[in-house]
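Okay, here's what each chain looks like letter by letter:
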Amino acid sequence: MSSSEGKTSRVLARAAAVAAAAGLAVAGLAGPASADVTIQQYVALGDSFASGVGAGDYLADDGCYRSANAYPSQAATALGERLWFEACSGAKIEDVVANQLGHLYRVNTEHVTIGVGGNDAGFSSVLGACAGTDTALCQAAITNARSIITDSLPAELDDLYTMVENRAFSAEIVVVGNPRLFAETACAGALAITPEEQALLNDTADLLAETTAAVAADHGFDFADPRAAFDGHGVCSADPWILGYTGNLESFHPNAAGQDAYTDVVLPLLDY
């Protein structure tokens, strides 16, 4: 199925679902209240970049670090939809499958965003390996991450996207990528990751984005690519939208300004 064919089929399915929901709502007037089946809902799936780690104003003390400033929170408000905020810090694809798909519905799930894959590639471990003076260790970690992205990640993403599509077949589904992290210059927040190593890490972020975008296109999903929006705002830039080393898990994650930039990229794709 081509990208355009996949999107067209979901538009038709959405129209049928809306009609079905309207019929259920009318029928509900004669019996127990069931009008809530017509409430449009947005389900946000993914990892820490989707949950809003680094953006503050966390909504619960549950270890997921879901932020009121994260793009799912902002998009749901703009769309006027109920948000099922499932994204969670540290999530891999297997965690999304196991823990985040429960609120995908065939009738009233209007929008879905999926932002996951970085943890599967081991990006946090790669950053740890590069945060020092052992260049060989850093390069080996990057090589391993690139192998995962090339060899195993596409099939895992394909399986996840198929599950989401089957559960919310009438929804507008948008896959959300990650920005490049670094400005490719030295500063204290980079933890001794050299400009040369930063360039290699940014190249790996490009590989992740291109790989994810290709699988999304195979399913007819739009890909929200934040890389251009974040240019000039990486770690060590004059106006960083990504935190440097903070001493906690917020390190190397978008701050509130970064989540605003994410919203500007994602929201236009959550169309009808």
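Bear in mind the structure is a predicted one, so any value in this text is a computation, not a measurement.

Caption draft 1: Broad picture of the overall build of the protein. Secondary structure summary: the protein contains 10 helices and five strands in total. When the 272 residues of the protein are sorted by exposure, 50% land in the buried category. Look at the contacts in the protein between residues 6 or more apart in sequence, and 73% of them connect residues 24 or more apart. Summing over all exposed atoms, the protein offers an accessible surface of approximately 11,500 Å²; the carbon and sulfur share of this is 56%.

Caption draft 2: Region of the structure containing the sheet that holds strand 4 (residues 172–176). Ordered in space as 2-1-3-4-5, the five strands form an open sheet in which the pairing is parallel. Taken across any chain shown, the strands that pair with only one partner, and hence form the sheet edges, are strand 2 (82–85) and strand 5 (222–224). Pairwise comparison of adjacent strand axes, ignoring direction, gives a mean angle of 20° for this sheet. Note: strand 1 (residues 41–46) against strand 3 (residues 109–115), six bridges, orientation parallel. Directly across from Val-43, in strand 3, lies its bridge partner Val-112. Packing of helix 7 (residues 153–167) onto the sheet brings it into contact with strand 1, strand 3 and strand 4, and relative to strand 3 it is tilted by some 170°.

Caption draft 3: A look at the pattern of salt bridges. In this structure the tally under the stated criterion is five salt bridges. Arg-180 is the salt-bridge partner of Asp-206, the closest N and O atoms lying 2.8 Å from each other. Here the residue Asp-206 occupies a position in helix 8 (residues 195–218), and Arg-180 occupies one in the loop between strand 4 and helix 8, the gap between them amounting to 26 residues. Given the relative accessible area of 15%, Asp-206 is considered buried. The exposure class assigned to Arg-180 is partly exposed, which follows from its relative accessible area of 24%.

Caption draft 4: Structural view of the packing of aromatic side chains. Overall, the coordinates contain six aromatic pairs when judged by the stated rule. Ring centres of Tyr-58 and Tyr-65 lie 5.1 Å apart, and the angle between their planes is 85°; on these two criteria the pair is classed as edge-to-face. Here the aromatic rings of Phe-230 and Tyr-262 are separated by 5.6 Å at their centres, their planes lie at 65°, and the arrangement is edge-to-face. Placement of the pair is Phe-230 in helix 9 (residues 227–230) and Tyr-262 in helix 10 (residues 256–266), with a sequence separation of 32 residues.

Caption draft 5: Summary view of the side chain of Glu-197. If you trace the backbone, Glu-197 turns up in helix 8. For the buried Glu-197, no salt bridge is present, and the opposite-charge side chain at shortest range is Arg-146, 15 Å distant. Among the polar contacts listed, one links the side chain of Glu-197 to the side chain of Thr-135, at a separation of 3.3 Å. When neighbours within four sequence positions are excluded, Glu-197 is seen to be in contact with Cys-130, Thr-135, Cys-138, Ile-142 and Ala-192.

Caption draft 6: The arrangement of the environment of Cys-88 in detail. Inspection of the secondary structure puts Cys-88 in the loop between strand 2 and helix 4 (93–99). Cys-88 gets classed as buried once you look at its relative accessible area, which sits at 17%. Along the backbone, Cys-88 and Gly-63 are 25 residues apart, and their C-alpha atoms lie at a distance of 7.7 Å.

Caption draft 7: Representation of the packing of helix 6 (residues 135–151) against helix 8. Relative to each other, helix 6 and helix 8 sit at 5°, their axes nearing to 10 Å. Viewed along their axes, helix 6 and helix 8 adopt a mutual orientation that is roughly parallel. In this structure, helix 6 contributes Thr-135, Cys-138, Gln-139, Ile-142, Arg-146, Ile-149 and Thr-150 to the contact, and helix 8 contributes Glu-197, Leu-200, Leu-201, Asp-203, Thr-204, Leu-207, Leu-208 and Thr-211. In terms of residue class, the contact of helix 6 with helix 8 is made up of seven nonpolar, five polar and three charged.

About the thresholds
- Residues numbered from 1 in each chain as written.
- Predicted model: local features only at pLDDT ≥ 70, side-chain atom pairs only at ≥ 80, totals over all residues.
- Heavy atoms only, no water.
- Helix = DSSP H or I, 4+ residues; strand = E, 2+ residues; numbered from the N terminus.
- Buried < 20%, exposed > 50% of the residue type's maximum accessible area, 1.4 Å probe, protein only.
- Contact = heavy atoms within 4.5 Å.
- Areas by Shrake-Rupley, 256 points an atom, 1.4 Å probe, with all protein chains shown as cover.
- Pairing = 2+ DSSP bridges.
- Axes fitted to C-alpha atoms, helices over the stretch in contact; angles between N-to-C directions.
- Salt bridge = Lys/Arg side-chain N within 4 Å of Asp/Glu carboxyl O.
- Phe/Tyr/Trp six-rings, centres within 6.5 Å; stacked < 30°, edge-to-face > 60°.
- Lys, Arg positive; Asp, Glu negative; His and termini not counted.
- Polar contact = N/O pair within 3.5 Å; in protein donor to acceptor, adjacent residues only side chain to side chain.
- Parallel < 35°, antiparallel > 145°, perpendicular 65-115°, else oblique.
- Nonpolar A, V, L, I, M, F, W, Y, C, P; charged D, E, K, R; others polar.

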